[in-house]
Amino acid sequence: MTTAFVLGGGGILGATEVGMLRALLEHGITPDLVLGTSIGSVNGAFVAADPSSDAVAALEELWVEVVRSGALKESPVRQAARFARSGTHVMSPSTIPGLVEKHLSVTDFEELSVPFQCVAAEIETAASRWFSSGPIAPAVAASCAVPGLFAPVAIDGRHYLDGGLVHSIPVGRALTLGATRIYVLHVGRIEQPLSVPSNPWDLGLVTFEIARRHRFVEEIATVPDDVELHVLPSGAERSPALSTFSIGRGSTVADRVRTAYEATADLLALQP
């Protein structure tokens, strides 16, 4: 049986996936393959480097510390100045690759303990680009390049935006690569049904969510019966739709990790 961990996008809500990872590893479930989109590519790279409970505990501490220290947050004045200069983004292009290079124990895909791939949207061709070799940091930065927040990432003469534009939760990729048991780690949004919008704000949010979810919904419906599929619970009552654009607080991150861990651990305890 080939076990794949599939980690979706969702900005600061990605802390939810850390709780799911902790529960999986504590129950002796380890991946043969890791796939990540956007913030899921960050979490995915860390677990692919060291699929152990100790490593995930360190990842949890990193999440809390990064948010608490404000390492991902700049002053509105600085962000406004950057947007005025660039016209496309408010965050420093070095933010994500800097964090990966500083805290990840390896630099190239080939050094990872478990095969790992992350996806980004290629601007020139409007196609998916899966990264699986070479330097990890720029590939993860490309997968995390949320439009408006980060500049497009240039790699080998091509330019990339956030992987969530093409694969919000890449279950189909796991099937293509031969996974026979798939654990879906997500940030909680897919657990919430959408409703008909009643105002311009709701219309924008619902449109955004449909664009993010539709491919995942279609791929889930086509998973063969002989493939084990486990969509893990976030345990959250509600996941804010715009939290991709919010840094949050260290305490909020710790709460999301704990809630997802408890919900996932409870589910796994019921499985044979």
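So, how was this worked out
Residues numbered from 1 in each chain as written. Predicted model: local features only at pLDDT ≥ 70, side-chain atom pairs only at ≥ 80, totals over all residues. Heavy atoms only, no water. Axes fitted to C-alpha atoms, helices over the stretch in contact; angles between N-to-C directions. Helix = DSSP H or I, 4+ residues; strand = E, 2+ residues; numbered from the N terminus. Parallel < 35°, antiparallel > 145°, perpendicular 65-115°, else oblique. Left-handed = near helix turned anticlockwise from the far one by under 90°. Contact = heavy atoms within 4.5 Å. Nonpolar A, V, L, I, M, F, W, Y, C, P; charged D, E, K, R; others polar. Phe/Tyr/Trp six-rings, centres within 6.5 Å; stacked < 30°, edge-to-face > 60°. Buried < 20%, exposed > 50% of the residue type's maximum accessible area, 1.4 Å probe, protein only.

Looking at an unreviewed UniProt entry, the protein carries the name NTE family protein, with the source organism given as Marihabitans asiaticum.

## What to know about the packing of helix α5 (residues 95–103) against helix α6 (residues 136–143)
It is the contact of α5 with α6, at a shortest axis distance of 8 Å, that shows an interaxial angle of 140°. Considered as vectors, α5 and α6 are oriented oblique to each other. In this structure, the crossing between α5 and α6 has a hand that is right-handed. Along the contact surface, α5 presents Ile96, Pro97, Val100 and Glu101, while α6 presents Ile136, Ala137, Val140 and Ala141. Within the contact of α5 with α6, the residues separate by chemical class into seven nonpolar, no polar and one charged.

## Points about the packing of aromatic side chains
Summed over all chains, the structure comprises three aromatic pairs. Centre to centre, the rings of Phe5 and Tyr183 are 6.1 Å apart; their planes meet at 85°, and the pair counts as edge-to-face. With Phe5 in strand β1 (residues 3–7) and Tyr183 in strand β7 (residues 181–185), this residue pair connects regions lying 178 residues apart in the sequence. By relative accessible area, which is 0% here, Phe5 ends up buried. Tyr183 sits in the buried class, given a relative accessible area of 2%. With centroids separated by 5.3 Å and ring planes inclined at 75°, the aromatic side chains of Phe131 and Tyr160 adopt a geometry described as edge-to-face. Note that Phe131 is positioned in strand β4 (residues 127–131) and Tyr160 in strand β6 (residues 158–161), a separation of 29 residues in sequence. Here Phe131 falls in the buried class, since its relative accessible area comes to 4%. A residue is classified by how much of its surface remains accessible, and Tyr160, at 0% relative accessible area, is buried.

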